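# Structural features, examined
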Amino acid sequence: MRDCYIGLISGTSMDGIDAVIASFGDSELRLHATLEQPYTDDLRDALQRAIQDPDSCTVEQIGTLDRRVGEQFRDAAIAIIEANDIDPDDVVAIGSHGQTLRHQPEATPPYSLQIGDAATIALGTGIVTVADFRRADIAAGGQGAPLVPPFHHWLFGRDGGERVVLNIGGIANITILDVNDDGVTGFDTGPGNVLIDRWMLANNGEPFDAGGSWAASGQVNSRLLELMLADDYFSLPPPKSTGFEHFNLDWLSARLRQFGETIPANDVQATLAGLSARSIAASIRQHAAGTRQLLVCGGGVHNADLIERLRCQLPDTDVTSTEAYGLHPDWVEAAAFAWLAMRAMQGRTGNLPGVTGASRKVVLGAIHSA
């Protein structure tokens, strides 16, 4: 096996690192290996403190976290190579998304900060590492996110229109496919799992609502849901992207105070699930009204309650996993960053201006020599 790439990513949940080894033909992906490696408890706690209270996060703490996350990403790359008896010389490059600490595309100036020292990964593995994928798009006037739609188009877009790819991570994003990549659009629709997970952790001490069973035990409060949907983000036109900086427990607490009544915690959870489903479905109806197939990936695909809510919101749309179309939903994002690393190594562009709002297509990622 030669000319393969490793993709590494940790998302908004900050539960750990997803790793894949993949190779790519003109229109074909071969997935050779996968690995999920959790963060250590103390690193996860430190990362969550940093994003929850950024004003108290010092330069020294950011520098330390950058190295520690880089070491964990390095170890995940080594682990997937060793567990699958891969010759490191067969790996052209590692594509590391890193861990997002802050995403502020509307700031002046705009920025997006991903940590996970790429030199630590490159020198520790002996493999060229591509990282900092968002910076070039932001420098070209884009949001720097979402970055996976070009990969969605490459892998799932061969049949053209009437198909949308939905990634439900902490934040949900959609890719509206088109035969021509210049016609592909996409954006962050709003919260996916992030509020559901945080409310679950705050009330039950569990990091996520397995299968959505707690949400299913409650009732959606329609008035609270409408208060949530009144947030300005949902009415913004694309291109747009968001993150934990906007949708977090402080955001939820403000809506609960505005609501002004005490309601059962599981009803809040049901309403949060309703918020994710309603905002996703509304985005699809508004921007891709002819959608007949919705291909779902990301951790949210395992939330049966959320998927059922989506089906109820989109009764004329076939809602199915990306696995039916060639790639297991757990590995789509990591595979995307392996693919973006390939594009960078070949000097090929990796963004879509119709998605991010950039002024032009650019090569994404900084290349770190081993």
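Quick summary incoming for the structure in this document. (Residues numbered from 1 in each chain as written. Predicted model: local features only at pLDDT ≥ 70, side-chain atom pairs only at ≥ 80, totals over all residues. Heavy atoms only, no water.)

## Here we look at the overall build of the protein chain
- Along the backbone of the protein chain there are 14 helices and twelve strands.
- Here the C-alpha radius of gyration of the protein chain, 20 Å, is about what a compact globule of 370 residues would show, namely 21 Å.
- For the C-alpha atoms alone, the extent of the protein chain along its principal axes is close to 60 × 50 × 40 Å.
- Classification of the 370 residues of the protein chain by burial places 55% in the buried group.
- Looking at the protein chain alone, contacts between residues at least 24 apart form 70% of all its contacts between residues at least 6 apart.
- Accessible area of the protein chain: about 15200 Å², with a carbon and sulfur share of 46%.
- A distance of 4 Å separates the average location of the 26 positive side-chain charges in the protein chain from that of its 47 negative side-chain charges. (Helix = DSSP H or I, 4+ residues; strand = E, 2+ residues; numbered from the N terminus. Rg over C-alpha atoms; globule rule 2.2 N^0.38 Å. Buried < 20%, exposed > 50% of the residue type's maximum accessible area, 1.4 Å probe, protein only. Contact = heavy atoms within 4.5 Å. Areas by Shrake-Rupley, 256 points an atom, 1.4 Å probe, with all protein chains shown as cover. Lys, Arg positive; Asp, Glu negative; His and termini not counted. Charge placed at Lys NZ, Arg CZ, Asp CG, Glu CD.)

## Remarks on the packing of helix H6 (residues 194-204) against helix H10 (residues 249-259)
- Where H6 contacts H10, the two axes come as close as 10 Å, and the packing angle between them is 80°. Here H10 runs roughly perpendicular to H6, going by the angle between their axes. Between H6, through Leu 195, Arg 198, Trp 199 and Ala 202, and H10, the contact on the second element is made entirely by Leu 249, Trp 251, Leu 252 and Leu 256.
- Residue composition of the contact of H6 with H10, by class: seven nonpolar, no polar and one charged. (Axes fitted to C-alpha atoms, helices over the stretch in contact; angles between N-to-C directions. Parallel < 35°, antiparallel > 145°, perpendicular 65-115°, else oblique. Nonpolar A, V, L, I, M, F, W, Y, C, P; charged D, E, K, R; others polar.)

## Quick look at the environment of Cys 4
- For Cys 4, the position within the fold is in strand E1 (residues 4-10).
- You can call Cys 4 buried: its relative accessible area is 0%.
- Distance from Cys 4 to Ala 33, taken between C-alpha atoms, is 11 Å for residues 29 residues apart in sequence.
- In this structure Cys 4 touches Ile 21, Ala 22, Ser 23, His 32, Asp 90, Val 91, Val 92 and Ala 93, once residues within four positions along its chain are discounted.

## Quick word on the packing of H6 against helix H11 (residues 265-287)
- Two numbers describe how H6 lies on H11: the axes approach to 9 Å, and their chain directions differ by 170°. Classified by the angle between their axes, H6 and H11 sit roughly antiparallel to one another. Regarding H6 and H11, the two cross each other, and that crossing is left-handed. Here Leu 195, Ile 196, Trp 199, Met 200 and Asn 203 of H6 lie close against H11, whose contacting residues are Ala 265, Val 268, Gln 269, Leu 272, Ala 273, Leu 275 and Ser 276.
- Partitioned by chemical class, the residues of the contact of H6 with H11 number nine nonpolar, three polar and no charged. (Left-handed = near helix turned anticlockwise from the far one by under 90°.)

## Topic: the sheet that holds strand E11 (residues 318-321)
- Strand order in the open sheet formed by five strands is E9-E8-E7-E10-E11, with mixed pairing between adjacent strands. Each of the sheet's edge strands pairs with one partner strand only, and the pair in question is strand E9 (185-191) and E11. Taken pair by pair, the neighbouring strands of this sheet meet at an average axis angle of 25°, ignoring direction.
- When strand E8 (residues 171-176) meets E9, the two strands line up antiparallel, connected through six bridges. The residue bridging Thr 175 from the neighbouring strand is Gly 186, located in E9.
- Helix H12 (residues 304-313) contacts strand E7 (163-168), strand E10 (293-297) and E11 of the sheet and is inclined by roughly 150° relative to E7. (Pairing = 2+ DSSP bridges.)

## A look at the packing of aromatic side chains
- Under the criterion given, the structure shown has ten aromatic pairs.
- When the centroid spacing of 5.8 Å and the interplanar angle of 55° are considered together, the rings of Phe 151 and Trp 339 count as tilted. With Phe 151 in helix H5 (residues 149-156) and Trp 339 in helix H13 (residues 332-345), this pair connects stretches of sequence that are 188 residues apart. Pair check on accessibility: Phe 151 and Trp 339 agree, each one buried.
- Centroid distance Tyr 233 to Phe 247: 5.9 Å. Interplanar angle 85°. Geometry classified as edge-to-face. Highlighted residues: Tyr 233 in helix H9 (residues 232-235) and Phe 247 in the loop between H9 and H10, separated in sequence by 14 residues.
- For Tyr 233, a relative accessible area of 6% puts it in the buried group.
- Residue classification places Phe 247 among the buried positions, given a relative accessible area of 0%. (Phe/Tyr/Trp six-rings, centres within 6.5 Å; stacked < 30°, edge-to-face > 60°.)

## Notes on the pattern of salt bridges
- Overall, the coordinates contain ten salt bridges when judged by the stated rule.
- Arg 67 is the salt-bridge partner of Asp 117, the closest N and O atoms lying 3.7 Å from each other. Taken as a pair, Asp 117 in the loop between strand E5 (111-115) and helix H3 (118-125) and Arg 67 in helix H2 (residues 59-83) lie far apart in primary sequence, 50 residues in all.
- Taking the relative accessible area as the measure of exposure, Arg 67 reaches 41% and is therefore partly exposed.
- Between Glu 261 and Arg 223 there is a salt bridge whose closest N-O contact spans 3.1 Å. You can see Glu 261 sitting in the loop between H10 and H11 and its partner Arg 223 sitting in helix H8 (residues 222-229), a full 38 residues away along the chain.
- In this structure Glu 261 comes out as partly exposed when scored by relative accessible area, which is 49%. (Salt bridge = Lys/Arg side-chain N within 4 Å of Asp/Glu carboxyl O.)

## Description of unusual backbone geometry
- Cis geometry marks the peptide bond from Thr 108 to Pro 109; its omega dihedral reads -5°.
- Relative to the assigned elements, Pro 109 resides in the loop between strand E4 (91-104) and E5.
- Following Ala 145, the chain continues into Pro 146 via a peptide bond in cis, with omega recorded as -15°.
- Among the structural elements, Pro 146 can be located in the loop between helix H4 (135-139) and H5.
- The phi torsion at Asp 132 lies on the positive side, around 55°, for a residue other than glycine.

## Remarks on H8
- Residues of H8 that are buried: Leu 224, Leu 225, Leu 227, Met 228 and Leu 229.
- On its buried side, H8 packs onto H9, H10 and H11.
- Where H8 begins, one side-chain oxygen reaches toward the backbone nitrogen of Arg 223, 3.2 Å away; that side chain belongs to Asn 221. (Polar contact = N/O pair within 3.5 Å; in protein donor to acceptor, adjacent residues only side chain to side chain.)

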